[in-house]
Amino acid sequence: MRLIGTKKIKTSVFISGTGSNLKSLIKFSKQKNSPIEISLIISNNPSSKGLGFAKTFKIKKKILNFKNKKLAEKKLLFELKKSEIRLICLAGFMKILSRDFIDNFGGKILNIHPSLLPKFKGLNTHERAIENREKFSGCTVHFVSSKLDSGKIILQKKVRINKNETPKTLSKKILVQEHKLYPKAILKVINL
Ligand code: GRF
């Protein structure tokens, strides 16, 4: 499905925490000629700091309890349809979406992960990259499949791991790159 058209692509960002990627995507969406419009923020966590951006930028938000995943995904599909969402950007969203959800959505679903996939899927990526004595780490934007951090890679950015690097310093450096990479990946996929 091609996303390109004359109208802006209605996009939903899913978060669970801080939402710094959400913020950078909102900024990107507000740039002149941006192809996307962020019209719905989803969180599974009512205390996600990132939910504050919904208020600041007057974007509709919805909090869903994923304890009952099937029900949550059903409600989610309803909300996405109601808001005519065609692109989902996962940004620090800590739940795995089911095959059914992915198939039923019909639009594109992207995720950002703080490692050079396929290396270091899952959590604690920075700790593991440093422990493994990697020279580089980075970030990846990929399509979402029902297997964790395994969908087709769209774009990656490499970041050097210095001698005295800590997970904290590495995470900070990579986040800066994440904020640049996600918009670039969106521009790439809308032309696919
Ligand atoms: C980012 O490092 C992202 O790659 C990972 O979770 C973190 C979310 O950060 N999936 P933020 O909530 O966007 O600040």
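Residues numbered from 1 in each chain as written. Predicted model: local features only at pLDDT ≥ 70, side-chain atom pairs only at ≥ 80, totals over all residues. Heavy atoms only, no water.

1. What about helix α3 (residues 69–82)?
Next, step 1: Taking 1.5 Å per residue, 14 residues should reach 20 Å; α3 reaches 20 Å between its end C-alpha atoms and fits that length.
Next, step 2: Within the span of α3, buried status applies to Ala72, Glu73, Leu76, Glu79 and Leu80. The arc that holds the buried residues of α3, viewed along the axis, is 120°, so those residues lie on one side. Opposite the packed face of α3, turned more than 90 degrees from it, sit the exposed residues Lys70, Lys74, Phe78 and Lys81.
Next, step 3: Close packing links the buried residues of α3 with β1 (9–15), β2 (36–43), β3 (60–63), β4 (87–90) and α4 (99–105).
Next, step 4: Just past α3, the residue glutamate 84 takes up positive phi, approximately 55°. (Helix = DSSP H or I, 4+ residues; strand = E, 2+ residues; numbered from the N terminus. Expected span 1.5 Å × (residues − 1). Buried < 20%, exposed > 50% of the residue type's maximum accessible area, 1.4 Å probe, protein only. Arc of directions from axis to C-beta. Contact = heavy atoms within 4.5 Å.)

2. Here we look at the nonpolar core
Next, step 1: Among the nonpolar cores identified, the biggest contains 35 residues, and Val13, Leu110, Val141, Tyr182 and Ile186 are the most heavily contacted of them.
Next, step 2: The greatest single-element share of this core, amounting to seven residues, is contributed by helix α6 (residues 167–189).
Next, step 3: Apart from the residues within four sequence positions on either side, valine 13 is in contact with Leu22, Leu25, Ile38, Leu40, Ile41, Ile42, Cys89 and Ala91.
Next, step 4: Counting residues in each nonpolar core, the second largest holds 18 residues, with Phe14, Ile42, Leu80 and Leu90 among its members. (Core = buried A, V, L, I, M, F, W, Y, C linked by side-chain atoms within 4.5 Å.)

3. Digging into the pattern of salt bridges
Next, step 1: In total, this model carries seven salt bridges according to the counting rule given.
Next, step 2: A cluster of three or more residues bridged by salt bridges with shared partners is formed by Lys60, Lys62, Glu79 and Lys82. (Salt bridge = Lys/Arg side-chain N within 4 Å of Asp/Glu carboxyl O.)

4. Some points on the packing of aromatic side chains
Next, step 1: Under the definition given, this model contains four aromatic pairs.
Next, step 2: Note on phenylalanine 53 and phenylalanine 57: the rings are 6.3 Å apart at their centroids and 40° apart in plane angle, and the pair reads as tilted.
Next, step 3: Given the relative accessible area of 18%, phenylalanine 53 is considered buried.
Next, step 4: A ring pair is formed by phenylalanine 101 and phenylalanine 105, whose centres lie 6.5 Å apart and whose planes are at 5°; its orientation type is stacked. Of the two residues, phenylalanine 101 and phenylalanine 105 are both situated in helix α4; the distance of four residues between them amounts to about one turn of the helix.
Next, step 5: Here the aromatic residues Phe14, Phe66 and Phe93 are joined through ring pairs into a cluster of three or more. (Phe/Tyr/Trp six-rings, centres within 6.5 Å; stacked < 30°, edge-to-face > 60°.)

5. Here we look at the site of the ligand
Next, step 1: The environment of the ligand is made up of Thr18, Gly19, Ser20, Asn21, Gly92, Ile112, His113, Pro114 and Glu178.
Next, step 2: One of the side-chain nitrogen or oxygen atoms of serine 20 is found 2.5 Å away from an oxygen atom of the ligand.
Next, step 3: A total of 370 Å² of accessible area belongs to the ligand in isolation, and the protein chains cover 80% of it.
Next, step 4: Secondary structure elements with two or more residues in the shell around the ligand: α1 (20–29) and β5 (108–113).
Next, step 5: Tallied by class, residues from the shell around the ligand come to two nonpolar, six polar and one charged. (Near = heavy atom within 4 Å. Polar contact = N/O pair within 3.5 Å; in protein donor to acceptor, adjacent residues only side chain to side chain. Areas by Shrake-Rupley, 256 points an atom, 1.4 Å probe, with all protein chains shown as cover. Nonpolar A, V, L, I, M, F, W, Y, C, P; charged D, E, K, R; others polar.)

Remember that the coordinates give geometry; whether it matters functionally is a separate question.
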